[in-house]
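Working through the structure, step by step
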Amino acid sequence: MIKEIIFTVTESLDGGYEAQAVGHSIYSQCDNYEELADALRDAVKCHFDESQRPSLIRIHLVKNEIIAI
């Protein structure tokens with residue numbers, strides 16, 4: 001059983017957020033950051049049986065910014 005699962009989260013071009021689990025085929029999206037935790041919990045619950053489900057979700061938020069010099 002794995003203890004935690006890590007999601008890389010990026011801002012969607014259309015607004016909202018897109019999340020992808022590292023090392024697993026789990027994807028989720030939501031309209032705002034406040035909904036993200038619930039969306040990821042639901043995705044993990046759907047992907048793993050209860051006996052194999054990780055107990056922690058780690059969010060790695062990646063923000064791509066361009067700064068002019």
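Above this text is the structure in question.
1. Some details on the overall build of the chain
Along its length, the chain carries 1 helix and 4 strands. Listing the helices and strands of the chain from first to last along the sequence gives β-β-β-α-β. Here the C-alpha coordinates of the chain stretch approximately 50 × 20 × 20 Å along the principal axes. Evaluated residue by residue, the chain yields a buried proportion of 26% over its 69 residues. Carbon and sulfur atoms make up 48% of the accessible area of the chain, which totals about 5,400 Å². Once the 6 positive and 12 negative side-chain charges of the chain are each reduced to a mean point, those two points are 10 Å apart.

2. Looking at the pattern of salt bridges
The full count for this structure, using the stated rule, is 3 salt bridges. The shortest N-O distance in the salt bridge between E11 and K63 comes to 3.4 Å. One end of the pair, E11, is in strand β1 (residues 4-11); the other, K63, is in the segment after β4 (56-62), and 52 residues separate them in sequence. When its relative accessible area of 43% is taken as the criterion, E11 is described as partly exposed.

3. Brief notes about the nonpolar core
Across soluble globular proteins, nonpolar side chains show a tendency to be buried alongside one another. With 14 residues, the main nonpolar core has I5, F7, V9 and I26 as its most contacted residues. Among the secondary structure elements, those contributing two or more residues to this core are β1, β2 (17-21) and α1 (36-47). The leading source of residues in this core is α1, at 5 residues. Once residues within four sequence positions are removed from consideration, I26 is found in contact with I5, F7, A19, Q20, A21, A43, H47 and F48.

4. Observations regarding the environment of L40
By secondary structure assignment, the location of L40 is in helix α1. Those residues in contact with L40 that sit more than four places away from it in its chain are F7, A19, S28, I57 and I59.

5. Observations concerning the state of the cysteines
The full count for this structure, using the stated rule, is 0 disulfides. Looking at the unpaired C30, the closest cysteine sulfur is the one in C46, lying at 15 Å. By relative accessible area, which is 9% here, C30 ends up buried. Overall, C46 belongs to the exposed group, its relative accessible area being 71%.

What counts as what
- Residues numbered from 1 in each chain as written.
- Predicted model: local features only at pLDDT ≥ 70, side-chain atom pairs only at ≥ 80, totals over all residues.
- Heavy atoms only, no water.
- Helix = DSSP H or I, 4+ residues; strand = E, 2+ residues; numbered from the N terminus.
- Buried < 20%, exposed > 50% of the residue type's maximum accessible area, 1.4 Å probe, protein only.
- Areas by Shrake-Rupley, 256 points an atom, 1.4 Å probe, with all protein chains shown as cover.
- Lys, Arg positive; Asp, Glu negative; His and termini not counted.
- Charge placed at Lys NZ, Arg CZ, Asp CG, Glu CD.
- Salt bridge = Lys/Arg side-chain N within 4 Å of Asp/Glu carboxyl O.
- Core = buried A, V, L, I, M, F, W, Y, C linked by side-chain atoms within 4.5 Å.
- Contact = heavy atoms within 4.5 Å.
- Disulfide = S-S within 2.5 Å.

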